[in-house]
Amino acid sequence: VQLQASGGGLVQAGGSLRLSCAASRNIPSLSAMAWYRQVTGKQRELVAVVASGQRIRYADSVKGRFTITRDNSKNTVYLQMNSLKPEDTAVYYCNLFVASWDPSDYWGQGTQVTVSS
């Protein structure tokens, strides 16, 4: 399966962006879709994840500002990012995990988000 991420860009602090990630095939309901981010020289970190049954988890640094949603009919996951801060600047990657598939783990190509102060 291919994951196509889009929606990154340059925004001023306090602004908003919406990331999208579409899968190239139908995704089972028993799966998790997530957004990670990575700054050059640092480890990739989990931003938000939505699993089956709409179980959602956020990194503490984005709680109250970011919202992850999933549209199963479109095999797409979104990340609405509000009140952006310069420290949110990173390459954002979408991830799909399907335990019943082999391989189970898939990554999108990454989309750059830059927040200017």
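As a starting point, this report considers the structure included with it.

Rules behind the numbers
Residues numbered from 1 in each chain as written. Predicted model: local features only at pLDDT ≥ 70, side-chain atom pairs only at ≥ 80, totals over all residues. Heavy atoms only, no water. Helix = DSSP H or I, 4+ residues; strand = E, 2+ residues; numbered from the N terminus. Buried < 20%, exposed > 50% of the residue type's maximum accessible area, 1.4 Å probe, protein only. Disulfide = S-S within 2.5 Å. Pairing = 2+ DSSP bridges. Axes fitted to C-alpha atoms, helices over the stretch in contact; angles between N-to-C directions.

Time to look at unusual backbone geometry. Cis rather than trans, the peptide bond between Asp 102 and Pro 103 has omega equal to 0°. Topologically, Pro 103 is positioned in the loop between strand 9 (90–97) and strand 10 (105–107). Located in the positive-phi region is Gln 54, a residue other than glycine, with phi close to 60°. Residue position: Gln 54 is located in the loop between strand 5 (45–51) and strand 6 (55–58). A positive phi angle is found at Ser 83, which is not glycine, with a value near 50°. Topologically, Ser 83 is positioned in the loop between strand 8 (76–81) and strand 9. Relative accessible area serves as the criterion here: at 40%, Ser 83 is assigned to the partly exposed category.

This part takes up the state of the cysteines. What the rule picks out here adds up to one disulfide. Paired through a disulfide, Cys 21 and Cys 94 show a sulfur-sulfur distance of 2.0 Å. Here the disulfide of Cys 21 and Cys 94 is right-handed, its torsion about the S-S bond being about 55°. With Cys 21 in strand 3 (residues 17–23) and Cys 94 in strand 9, the pair connects residues that are 73 residues apart, well separated along the chain. Look at Cys 94 and you get buried, because its relative accessible area is 0%.

Let us now look at the sheet that holds strand 7 (residues 66–71). Overall, antiparallel pairing links the four strands, which are arranged 1-3-8-7 in an open sheet. Single-partner strands in this sheet number two, and they are strand 1 (3–6) and strand 7. Each strand axis lies, on average, 15° off the axis of its neighbour in the sheet, ignoring direction. Two strands pair when backbone bridges link them, and strand 3 and strand 8 are joined in this way by six bridges, in the antiparallel orientation. Its bridge partner lying in strand 8, Ser 20 is registered against Tyr 78.

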